[in-house]
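Each chain is listed here by its residues.
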Amino acid sequence: MADQIRLIKKYPNRRLYDTQTSSYITLSDVKELVLENANFQVVDAKTGEDLTRNILLQIILEEEAGGAPMFTSDLLSQMIRFYGNAMQGMMGKYLENNIKAFTDMQAKLQDQVRSVYGENATVSQDLWAQFLNFQGPAMQSMMGAYMEQSKKMYAQMQEQLDSQTRNLFSGFQFPNFVSGFPADKKDQPAPTSEPPGTQNK
């Protein structure tokens, strides 16, 4: 049975109320829930609107302002430019998939460490840093191949859209046009029968 969603209510005074513990909590407490992989939802106490994303963004903002930012100004600028862009949805999915792949890699490393050092062993920051330094070239090569494949897929998609557009408009009958291009008189088919009122000589 799936864990029940832990409901957190946000009141107009910006205070957060944890209905499970019947107590007020802070953003730091919500961050701890995230780190514990707790299944929770933040809602507006008055309207019931889901505010989970807003709260998570606030946590990210505080972390970014804490002196060890994860995102550079250039990266943030690039992300902002994708809003309203046709590629916005694709970029969100791309980032989500890559973060999931990175998390899965962390989990596999943790499993390997436990198999060697025992169930209570954990991956230290130093060990994780060593792993990334060791795997750096391989990861860069993998990401390079992934980006190259993405470019090829985008080019193929563009060609397919262009082809579909040409086929779409070629179905319309325009005067003096055949398949969307000016018809050459010498290429026009000869009439299959004589016009009405004419006689064969």
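Note: the structure precedes this text.
Here the residue numbers are simple positions, counted from 1 along each chain's written sequence. Since the coordinates come from a predicted model, pLDDT governs what is reported: local features require at least 70, and pairs of side-chain atoms require 80 or more to be given and counted, while whole-chain, interface and lining totals use all residues. Remark: hydrogens and water are excluded; side-chain values derive from all non-hydrogen atoms of the structure.

J.: Any chance you could explain the pattern of salt bridges here in plain terms?
T.: A side chain of one charge can pair with a side chain of the opposite charge if their charged atoms are brought near each other. The working definition used for a salt bridge is a side-chain nitrogen of Lys or Arg within 4 Å of a carboxyl oxygen of Asp or Glu. Overall, the coordinates contain 2 salt bridges when judged by the stated rule. Here arginine 6 makes a salt bridge to aspartate 18, at a shortest N to O gap of 2.7 Å. Of the two residues, arginine 6 is situated in strand β1 (residues 6–10) and aspartate 18 in strand β2 (residues 16–18); the sequence distance between them amounts to 12 residues. For each residue, the accessible area found with a 1.4 Å probe, counting protein chains only, is set against the maximum for its type, and the residue is called buried under 20%, exposed over 50%, and partly exposed in between. A residue is classified by how much of its surface remains accessible, and arginine 6, at 17% relative accessible area, is buried. Ionic pairing is found between lysine 31 and glutamate 63, a salt bridge with its closest N-O pair at 2.8 Å. Within this pair, whereas lysine 31 is found in helix α1 (residues 27–35), its partner glutamate 63 is found in helix α2 (residues 52–64), the two being separated by 32 residues in sequence. A run of DSSP states H or I qualifies as a helix once it reaches four residues; a run of E qualifies as a strand once it reaches two. Both are numbered from the N-terminal end.

J.: Just to check I follow, could you spell out the pairing of β1 for this structure?
T.: For a regular strand, the rule is simple: side chains alternate between the two faces of the sheet. Judged by which residues are buried, β1 turns out to be one-sided: Arg6, Ile8 and Lys10 face inward and are buried, whereas Leu7 and Lys9, on the alternate face, are not. The pairing criterion is simple: DSSP has to find at least two bridges between the two strands. Of the pairings in the sheet, the one linking β1 to strand β4 (residues 40–44) comprises 5 bridges and is parallel in character. The residue bridging arginine 6 from the neighbouring strand is phenylalanine 40, located in β4. Bridge count between β1 and β2: 3 bridges; the pairing is antiparallel. Among the inter-strand pairings, lysine 9 is bridged to a residue of β2, identified as tyrosine 17.

J.: Which parts of the structure should I look at to understand α2?
T.: Residues that lie three or four places apart on an α-helix share one face, since the helix turns once every 3.6 residues. Its 13 residues give α2 an end-to-end C-alpha distance of 18 Å, which sits within 8% of 18 Å, the value for a rise of 1.5 Å per residue. Burial in α2 covers these residues: Thr52, Ile55, Ile59 and Glu64. Given a helix with a known number of residues, its expected span is that number minus one, times 1.5 Å.

J.: How should the packing of α1 against α2 be read in this particular structure?
T.: The axes of two packed helices give the description: the angle between them and the distance between them. Throughout, an axis means a line fitted to C-alpha atoms (over the contacting stretch in the case of helices), and angles, computed between N-to-C directions, take values from 0 to 180 degrees. At their nearest, the axes of α1 and α2 sit 10 Å apart, and the two run at 100 degrees to each other. The orientation of α1 relative to α2 falls into the category roughly perpendicular. Contacts between α1 and α2 involve Leu27, Val30, Lys31 and Val34 on the former and, on the latter, Ile55, Leu56, Gln58, Ile59, Glu62 and Glu63. Broken down by class, the residue content of the contact of α1 with α2 amounts to 6 nonpolar, 1 polar and 3 charged. Any angle that is under 35 degrees is reported as roughly parallel, and any over 145 degrees as roughly antiparallel; angles of 65 to 115 degrees are reported as roughly perpendicular and all others as oblique. Residue contacts are defined here by distance: any two heavy atoms, one from each residue, within 4.5 Å place the two residues in contact. Gly counts as polar in this scheme, as do all residues outside two lists: the nonpolar Ala, Val, Leu, Ile, Met, Phe, Trp, Tyr, Cys and Pro, and the charged Asp, Glu, Lys and Arg.

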